[in-house]
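# A closer look at the structure
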Amino acid sequence: MASGLTMDKIVSLARRRGFVFPSSEIYGGLGSSYDYGHYGVLLKENVKARWLEAMVQERDDIVALDSAIILHPRIWEASGHVGGFTDPLVDCRTCKKRFRADHLADEQCGRKPSKRPGETSECDLTEARQFNLMFETRVGPVEETGQRVFLRPETAQGIFVNFKNVAQLARRKPPFGIAQVGKSFRNEITPGNFIFRTLEFEQMEMEFFVPPDAADQWYRYWIDERVAWYVRYGLRQESLRVRPHEPDELSHYSSATSDIEYLYPIGWSELEGIANRGTFDLTAHAEASGTTLEWVDGGSGERYVPAVIEPAAGVNRAMLAFLCDAYDEEVVGDRERTVLRLHPEIAPVKVAVLPLIPRDAGIAERARALHQDLRRVMVAEHDDGGQIGRRYRRQDEIGTPWALTVDEQTLVDETVTIRDRDTLAQERISISRAREHLLDRLAAPWAPPARG
Ligand code: GAP
């Protein structure tokens, strides 16, 4: 993260360039809810695609799944969520605000924001009560008789209840994993630091089923793998750390959990959790459903309930970390520029095609043709509005790694300039090689430039 970076700067850029908007804005907004605009969608899709590539495409031992969001309600009883997925809450009878009892030191008093809840003589806090984080709804047209169901608070349970289907059909034996990307919902009451904590969010979760005596080894393996994934896609090593949970922090299902934390502008905070869930989930669902959920070795006849190692990441938190790490401000000549130094494979737009003199018919025509050619293989933008310097700065702010400028020289020798977002170096390449040149650069390893 650049020194001096604040969440306000990220929020402002995200809004200015159409990455993220406050949700329901024309109705006054809805707390902890955000809508993603064009560049936000492209960025988020890239994060998910890189995760799926690393989990499924590049490996032989993980398969994909897309389970339903609304599952049988008994799943959430067996998983422990109905009974235990709670936060302790207190209400203030004076200011009518609601706080997490375990986060009072980070909260602001509703009447005197410089004080903590409970710090002033007027504060009148209730006893802490447990508040379930699952959103409830009903299946069926009649509210009173409809069946009570929940919006899933994690994608993981959809994986556990499909263990038998996948293990049989995918012809996999432990160690093997099931990966899923999808929306989850939590009725979070702590308002959330932009997209860090929201009511609905996307998760990228993978449940890795292993022989129980190999669980610890795979737990440590997945911590290293996941840190390496963030570094591969551009997060600086010094902005990442692994924090093992204290025994009193562990979830009900976990015997060991480590958070990969990122140094956000709000301080070190969880980006992803890697948990050793042991045999808790398969055992609980086997008991509750009456279906045997175990691995049976066809050869030896050995049978056992596999242990589960779970790397559970948040798409939106990853997106926020990529934005924070990429954000930079610098002075070039006599101008300031804001630039997102995103990894090219994470950047929403890969290349911009800019006709230097848009009213010149020859230049305009070649720029259009080049754009048409490039957009077949990558997200490419054509921009002919305004001064060239402004157009470069706009692309810098959305993190486009390369800009191709079509100019008078193009009409003479069929070359264009390629400008590099990070170094600002410009070179000429032939139009006929532009597509290949960009694909090569996109496939090349990339590391963030050192901070000045
Ligand atoms: N299946 C395990 C599980 O859900 P978790 O630590 O509660 O574990 C995993 O969630 C990840 O999901 C977190 O590390 C975070 O990135 C993301 N996440 C959780 N709650 C979130 C929220 N309210 N808003 C945004 N992301 C969230």
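This write-up is about the structure you can find in this document. Model, not experiment: these values are computed from the prediction. (Residues numbered from 1 in each chain as written. Predicted model: local features only at pLDDT ≥ 70, side-chain atom pairs only at ≥ 80, totals over all residues. Heavy atoms only, no water.)

## Some points on the overall build of the protein
The helix and strand tally for the protein stands at 13 helices and 23 strands. Principal-axis analysis of the C-alpha atoms gives the protein an extent of 75 × 70 × 50 Å. A fraction of 66% describes how many contacts in the protein between residues 6 or more apart in sequence connect residues 24 or more apart. When the accessible surface of the protein is summed, it comes to about 21,200 Å², and 49% of that surface belongs to carbon and sulfur atoms. (Helix = DSSP H or I, 4+ residues; strand = E, 2+ residues; numbered from the N terminus. Contact = heavy atoms within 4.5 Å. Areas by Shrake-Rupley, 256 points an atom, 1.4 Å probe, with all protein chains shown as cover.)

## Overview of the sheet that holds strand S4 (residues 86–91)
With antiparallel pairing, three strands are arranged side by side in an open sheet as S5-S4-S6. Strands with a single pairing partner mark the edges of an open sheet, and in this sheet they are strand S5 (98–100) and strand S6 (129–132). Across the sheet, the mean angle separating the axes of adjacent strands is 50 degrees when strand polarity is ignored. Taken together, the four bridges between S4 and S6 define a ladder with antiparallel strand orientation. Bridge pairing in S6 places Asp87 opposite Phe131. (Pairing = 2+ DSSP bridges. Axes fitted to C-alpha atoms, helices over the stretch in contact; angles between N-to-C directions.)

## Quick word on the site of the ligand
Close contacts around the ligand come from 21 residues, with Glu154, Arg186, Glu188, Glu205 and Glu270 the closest. Contacts to the ligand include Arg186, whose side-chain N or O atom sits 2.8 Å from an oxygen atom. Gln203 is positioned with one of its side-chain polar atoms (N or O) 3.0 Å from an oxygen atom of the ligand. Protein chains bury 91% of the 550 Å² of accessible surface belonging to the ligand in isolation. Looking at the shell around the ligand residue by residue, the classes come out as seven nonpolar, four polar and ten charged. (Near = heavy atom within 4 Å. Polar contact = N/O pair within 3.5 Å; in protein donor to acceptor, adjacent residues only side chain to side chain. Nonpolar A, V, L, I, M, F, W, Y, C, P; charged D, E, K, R; others polar.)

## Looking at the pattern of salt bridges
The final tally for this structure, using the stated rule, is 48 salt bridges. A salt bridge links Arg15 to Glu25; its shortest N-O distance comes to 2.6 Å. Within this pair, whereas Arg15 is found in helix H1 (residues 7–16), its partner Glu25 is found in the loop between strand S1 (20–22) and strand S2 (34–36), the two being separated by ten residues in sequence. Using a relative accessible area of 40% as the deciding quantity, one classes Glu25 as partly exposed. Of the charged contacts in the structure, one is a salt bridge between Glu414 and Arg366, with a shortest N-O distance of 2.9 Å. Taken together, the residues span a long stretch of sequence, with Glu414 in the loop between helix H12 (408–413) and strand S22 (415–420) and Arg366 in helix H10 (residues 361–375) at a distance of 48 residues. Among the charged side chains, a salt-bridge network with shared partners connects Asp328, Glu330, Arg337, Arg341, Asp396, Arg419, Arg421 and Asp422. (Salt bridge = Lys/Arg side-chain N within 4 Å of Asp/Glu carboxyl O. Buried < 20%, exposed > 50% of the residue type's maximum accessible area, 1.4 Å probe, protein only.)

## Focus: the pairing of strand S19 (residues 351–355)
Most of S19 sits inside the fold, with five of its five residues counted as buried. Burial along S19 is two-sided: the face carrying Val351, Val353 and Pro355 and the face carrying Ala352 and Leu354 are both buried. Relative to strand S20 (residues 380–382), S19 runs parallel, the two being bridged by three bridges. Pairing of Ala352 across the sheet is with Glu381, part of S20. Inspection of the sheet shows S19 paired to strand S21 (residues 402–406) by five bridges, in the parallel sense. Note that in S21 the partner of Val353 across the bridge is Leu404.

## Here we look at the sheet that holds S20
Taken in spatial order, the five strands of this open sheet run S20-S19-S21-S22-S23, and their pairing is mixed. For this open sheet the edge positions go to S20 and strand S23 (426–430), each flanked by a neighbour on one side alone. Across the sheet, the axes of successive neighbouring strands diverge by a mean angle of 25 degrees, strand direction being ignored. Note: S22 against S23, five bridges, orientation antiparallel. Looking at the pairing, Ile418 lines up with Glu427 of S23.

## Observations concerning the packing of H10 against helix H13 (residues 434–443)
Where H10 contacts H13, the two axes come as close as 10 Å, and the packing angle between them is 45 degrees. Between H10 and H13, the angle is such that the two are oblique. Every pair of crossing elements has a handedness; the one defined by H10 and H13 is right-handed. Of H13, the residues touching H10 (which contributes Leu370, Asp373 and Leu374) are Ala434, Arg435 and Leu438. (Parallel < 35°, antiparallel > 145°, perpendicular 65-115°, else oblique. Left-handed = near helix turned anticlockwise from the far one by under 90°.)

## Comments concerning the nonpolar core
The nonpolar side chains of a soluble globular protein tend to be buried with one another. Counting residues in each nonpolar core, the largest one holds 60 residues, and the members touching the most others are Phe19, Trp222, Tyr230, Leu271, Ile309, Leu320 and Phe322. The leading source of residues in this core is helix H9 (residues 315–326), at nine residues. Every residue in contact with Leu320, bar those within four places of it in the chain, is listed here: Met7, Ile10, Asn193, Phe194, Ile195, Phe196 and Tyr264. Membership of the second largest hydrophobic core comes to 18 residues, among which are Val353, Ala380, Ala434 and Leu438. (Core = buried A, V, L, I, M, F, W, Y, C linked by side-chain atoms within 4.5 Å.)

## Describing the packing of aromatic side chains
Inspection of every chain in the model, using the stated rule, returns 15 aromatic pairs. With a centroid separation of 4.8 Å and 50 degrees between ring planes, the pair formed by Phe163 and Phe209 is classed as tilted. Remark: Phe209 occurs in strand S10 (residues 200–210) and Phe163 occurs in helix H6 (residues 163–169); sequence separation between them is 46 residues. On the basis of relative accessible area, Phe163 is assigned to the buried category, the value being 1%. By relative accessible area, which is 0% here, Phe209 ends up buried. Look at Trp229 and Tyr230: their rings are 5.0 Å apart centre to centre, the planes differ by 80 degrees, and that puts the pair in the edge-to-face class. Here the basic side chain of Lys44 rests over the ring of Tyr36, its NZ or CZ set 4.4 Å away from the ring centre. (Phe/Tyr/Trp six-rings, centres within 6.5 Å; stacked < 30°, edge-to-face > 60°. Lys NZ or Arg CZ within 6 Å of the ring centre and 35° of its normal.)

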